[in-house]
Structures are given as structure tokens and as C-alpha cells.
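Listed below, chain by chain, are the residues.
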Amino acid sequence: MKTTAKPPLSRVPYYRLLELARPEARGLALGTCFLFVGSVAGLLFPQALRLIVDGALLEGPSSDLDRVALGLLGLFMVQAVATAMRYVLYLTAGERIVNRLREQLYRSLLHQDIAFFDTHKTGELTSRLSSDTATIQGVVSSNISVLLRNIIVLMGGVGFLLYTSLKLALVILLVVPAMAFGAVLYGRGVRNLARQVQGMHGASHQVATESLSAIRTVRMFAAEDTEVRRYSEALQRAFALTRRQLRASGFFSGGGVFGAYAAVALVFWYGGRLVHQHQLTVGALTSFLVYTLLVAMALSALGDLWGDLMKATGATERVFEIIDRKPAFPTRGGLRPERMEGRLEVEAVHFRYPARPDSPVLQGLELAVNPGEAVAVVGPSGGGKSTLVALLTRLYDPDAGRILLDGRDLRELDPSWLRQQTGIVSQEPLLFSCSIADNIRYGRPDATDAEVQAAARAAHAHEFIQRFPEGYLTEVGERGTQLSGGQRQRVAIARAMLVDPSLLILDEATSALDAESEHLVKDALERLMKGRTTLIIAHRLSTVSGADRVVVIEAGRIVQSGDHATLMGEEGLYRRLVERQFVAA
Ligand code: ADP
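The following paragraphs examine the structure supplied in this document. (Residues numbered from 1 in each chain as written. Predicted model: local features only at pLDDT ≥ 70, side-chain atom pairs only at ≥ 80, totals over all residues. Heavy atoms only, no water.)

**Some words on the overall build of the chain**
Right, on to step 1. When helices and strands are tallied, the chain shows 19 helices and 10 strands.
Right, on to step 2. Over its C-alpha atoms the chain spans a radius of gyration of 35 Å, topping by over 25% the 25 Å that the globule rule assigns to 585 residues.
Right, on to step 3. Burial analysis of the chain (585 residues in total) assigns 45% to the buried set.
Right, on to step 4. Considering only intrachain contacts with a sequence separation of at least 6, the fraction spanning at least 24 residues in the chain is 79%.
Right, on to step 5. Taking the average location of the 63 positive side-chain charges in the chain and that of its 58 negative ones, the two points are 8 Å from each other. (Helix = DSSP H or I, 4+ residues; strand = E, 2+ residues; numbered from the N terminus. Rg over C-alpha atoms; globule rule 2.2 N^0.38 Å. Buried < 20%, exposed > 50% of the residue type's maximum accessible area, 1.4 Å probe, protein only. Contact = heavy atoms within 4.5 Å. Lys, Arg positive; Asp, Glu negative; His and termini not counted. Charge placed at Lys NZ, Arg CZ, Asp CG, Glu CD.)

Here is the structure:
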């Protein structure tokens, strides 16, 4: 077996679960009362049995039998009601606690730095959100109550065993240490396996999430079977481990049942002798037998629970690992200047992606953009254009050098404010599956309908939106798939208009459009650019026409800068790129 690092139990943040449980204290306390009542009722049942056997059955029939039977029925009724109440109260509390946990986990996830998402896959993260929290839910709702119940039954049962016959009890209790020892061994194994199994489930979940979110590509390549195979292989890997886990629980349960019945056999053998010697009545032996079964069942249930608890320990570790992870930099907090001019300075910036620390991407990039100026950034693919955008919006921080906005280092500014000041319109603008109006409002949820309409008009979007039967309330489908490329683009422009950013980034905003859409989008963009500092990231050169200046990035450095005509006059990369594209066209 592969050795895995075992975190010490003390590090498992169970107390954090308790904190989450605090608001449920009343419900849980009430549930515990019912639990107590139910367990005691269960423990009294063998006493009634003893009365029936010794009194009503052996001493001769009488009205006693009726009374005792009726009493028994009452006892069972109390037990039933208490069990029902306990379930409802505990499960409700568990549901609330886990929802709170999910919310915390989700909040922490959404605030992580982008570098975190470069190294963690979506499916793996959503699996923590769904399957790990579900495991924890099992523990905090049902397991805890079952645990308490079994502890009460165990202690009460042992008490009654001792009370009924001290001699017999001492013999029986010899079996207990063996069972407890087995439980501890089992729990230890299960905990390690469980962590690995959860990781494997995360991996298969990841495969499914990836193919489902790229279903169009899968369909285009007729790769359904390949994807099914990939998923099935991931499931198989998880299953190989799960099987070991299941075998362990199977053997453990079998051992538990054997232990219980072996104890019963022992009671018959030794208890029978005591009855013959008149040291024990038949009724007492009967009740003793039932207590033995109750105690044995409680013990074996506790062993199972121990296993579940260990499983949940793995899940709890995985969940709190993320809840407690501090992002490299926060998403809120910092300066929020009143007015912005939009002067941008990039000073000797060096950068490597944390996920790929060996390959330098930006290597001493220098760039200054005046307020209101439009600068096109061009260069060969992989040169670092998109990386520059990522640094400007502070998805990452530079390794060396700094980026200034109106003379202030981006690191001093409130990142959320910075992103509000920065409008991005990209080639594949991401819309959310809600109405057009909500998509336009995305960056400014408090905008009025009139403001939304004005932005849409300016973005040449109003006309086509009006033609939908439901107008602004039209749903756009997941990622906006129910709109055409040009329509999505114009919705994104309207969204940027509404936010009224002082810095604008157009990431190849007009590529992949037909001539008519391109004309509308271009016109809308020109309106949007008016009076704002604009960076046009041009992966194709035809989009640079609206720029005051062109800079050429190659291998993470600016190698040329000037207007189109000047650069065409120079011997250099720009001219070569233009000529190459011209030939290709
Ligand atoms: P451009 O936009 O000029 O085509 P990019 O800025 O996208 O170039 O990429 C520059 C380099 O950084 C490329 O070599 C690319 O492979 C790498 N890169 C881009 N994004 C990431 C990322 N999230 N993690 C690691 N490397 C990346």
C-alpha cells in the first residue's frame, strides 16, 4: 500500500464545525432531549420483558398480562415519537450547518487569486463543494445523533447487565475490549482510504465537468465515445480504491455481528448454568439476553460510526483547506480615488505564471499611455499581450517592476474598484444565463432601466433587443449561446458603457464578425472609446485602425512603438507581420 501523509487528528478543524453549529444549539438541544427519552425507553423494554416472563407468564395468567402488554405498547409509542422528533430536529440542523459550510467554501473559492485557478481544476473544486460537504452532512446530521444514542444505550445497557447479574455481566464484558480494538484498527485504515477515494471522485467529476462544458467541441469531433471512456476510466480508478474500503467495512460488519452472537451464545451457556443453580430467574436471563444484544449492536454501530467519522475527517480537511486558504492578494480593500484621468505606466515589468515558473513571459516590459490615448498592442502569438491585460486588471501581480494608474501603484488600489474602472470587451464576451438587461447591468446592478436602455442604444444593441418578443427580458442561454457573435459583442459593449470605465481594454473585439456586425460593433466601440484611455489588443492587424499609436510586443518586451505609417516605414517586425498577413489574405 502506498504511504500517504497522515495529518495528525488534532489538526482537523472539528471545532470549526462546532462554530457553524452554534446557531442550531436550540434545535440540537431539543433533539438531544428526545434522543435521551427514546434511548431510555429502549432500555426499559427488557425490564418489562423480565416482568412478563417472571410474573405474568410463569406465575400463571392474570389481568397482569393485559396491563403489562399495554404498558409495553405505550413504551414503544414513546420511543417512536421520540425517534421521529430526534430525526427531524437533527437533520434540519445538519442541513443548515452544511449549507453554511457550503456558503463559506464558495465565498472562499470565489475570492481566491487567479493563480489558484490555474492549478486547481473546476471539477475538482465543485466536487469539494458537493460531495465532500455531503459526507460532512452525513456526520453532522444523522451520525452524531446515532452516536449519542448508541453511547447512551451502551452505558445504560452495561449498567443493566451489571444490575441483573454481576457474575454473568463480568464474563460477557470480556468480549468488549476485543471489539473496541477491532474498531480502532478499522477506523484508522478507513480514514486514509477515504481521503484518497474523495480525491478520485473529484478527478472523475472533473472529467465530466470538462466535457459537458465543452459539449459543442466534443460533438464536432464526434468524440462522445472517447469522453465516455475517459470518464469510465476515472470511475474505475475511484472504484478500485472504493472496493478496498467496502471490503474493509464488510469484514468489520461481519466481525461485529459475529461478536454480538458469540456473546449471546456465551450468555446461554453460562447463564443457563446460573438458572439451574437458582442464582438467576428465567425472566432475568431473558432480559439479560436482550441487553446483551442491545449492547453488542450499540458497539458494532459505534464501530461503523467511527469509520464514517474518519471518512468525514478526510472530507473536512479538504473543505477547510480551501476555506482557510488566504488568496495571494485580497479582492477588496485599498484606495478608491475619486477621479481618474486614465494615465497608465508600465515600468520594467517582469512576470512568470505561478503555474509555470520556469518560463518568463514578460521580461522588462515598458509602456506609457496618456489619458484618452488609444494604443494598439500587436505582436506574434504567445508574445505576452493577454498577459499584459491580466496584469493590468490585477489578476496577477508582476514579479518585478510596477504598473501605475494615474501615478499610483496598482497594488495600492482596491482591486474591485480597479476592475470597475477598467472595461473589457473581448472577442468571446462571456454572458451569463440570465436576461439581456441583467447582463448589461452585470457590472452595475443598481442601474435603472432607462440607463440600461441608453447604454444599449449607444452600443447599437437596442434595435436587435427590441426585435425579440420579450425585449430586454429575453434570456440569453448558458454563456449567451442564444445570441449571435455580433449581438453578444454589442451586449458586452453596452455593459462596458454602463460601467463608464476610465480605462478600456478591447481584446480583439471585432474579429470573427461578419461585415455588417463588424461595422455596427466598430461604430459602437468608437463611441465607447471616446475620452477613455484604450488598449486595443490586436491579434489580427486589421483591428489597429482606430488606434493613435501601435506598440509591438515580442517575447515579453516592447520592440517597436509608433503610428502605423511610421512603423511601416521602418525595417522591423511590424512591417513583416503586416506583409505576412497581407500575403495570407
Ligand atoms: P499573446 O496574448 O501575446 O498571444 P499570452 O500573453 O496569452 O500571449 O501568452 C504568453 C505566454 O504565457 C505563452 O507562452 C503562454 O503559453 C503563457 N501563458 C498564458 N497564460 C498562462 C497561464 N494561465 N499559465 C501559464 N502560462 C500561461
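**Details of a nonpolar patch on the surface**
Right, on to step 1. The grouping of F36, V40 and L44 at the surface amounts to a nonpolar patch, some 250 Å² of accessible area in total.
Right, on to step 2. Along the chain, F36 falls in helix α2 (residues 25-57). (Patch = residues over 30% accessible without salt bridge, like charges linked within 9 Å, V, L, I, M, F, W, Y side chains within 5 Å. Areas by Shrake-Rupley, 256 points an atom, 1.4 Å probe, with all protein chains shown as cover. Salt bridge = Lys/Arg side-chain N within 4 Å of Asp/Glu carboxyl O.)

**A look at the pattern of salt bridges**
Side chains that differ in charge, positive against negative, can pair when their charged atoms come close.
Right, on to step 1. Counted by the stated rule, this structure contains 25 salt bridges.
Right, on to step 2. Note that D438 is salt-bridged to R441, the shortest N-O span being 3.7 Å.
Right, on to step 3. With relative accessibility at 36%, the residue D438 sits in the partly exposed group.
Right, on to step 4. For R441, a relative accessible area of 15% translates into the label buried.

**Details of the site of the ligand**
Right, on to step 1. G382, G384, K385, S386 and T387 are the nearest of the 14 residues found near the ligand.
Right, on to step 2. G384 has a polar backbone atom sitting 2.9 Å from an oxygen atom of the ligand.
Right, on to step 3. Within the side chain of S386, an N or O atom sits 2.6 Å from an oxygen atom of the ligand.
Right, on to step 4. No other element matches helix α11 (residues 385-392), which puts 3 residues into the shell around the ligand.
Right, on to step 5. Taken together, the residues of the shell around the ligand break down into 4 nonpolar, 7 polar and 3 charged. (Near = heavy atom within 4 Å. Polar contact = N/O pair within 3.5 Å; in protein donor to acceptor, adjacent residues only side chain to side chain. Nonpolar A, V, L, I, M, F, W, Y, C, P; charged D, E, K, R; others polar.)

**A few points about helix α1 (residues 14-21)**
Right, on to step 1. Among the residues of α1, R16, L17, L20 and A21 are the ones counted as buried. The buried side chains of α1 occupy one side of the element, clustering within an arc of 150° when seen end-on. Seen from the buried face of α1, the exposed residues on the opposite side, beyond 90 degrees, are Y15 and L18. (Arc of directions from axis to C-beta.)

**A word on the nonpolar core**
Right, on to step 1. Counting residues in hydrophobic clusters, the biggest one holds 45 residues, and the most contacted among them are V378, I440, I465, I493, L528 and Y574.
Right, on to step 2. Sort the elements by how many residues they give to this core and helix α16 (residues 485-499) lands first, with 7 residues.
Right, on to step 3. Residues in contact with I440, not counting those within four places in the same chain, are V452, A456, I465, Y472, V491, A494, R495 and L498.
Right, on to step 4. V346, V375, L410 and W417 belong to the second largest nonpolar core, which has 31 residues in total. (Core = buried A, V, L, I, M, F, W, Y, C linked by side-chain atoms within 4.5 Å.)

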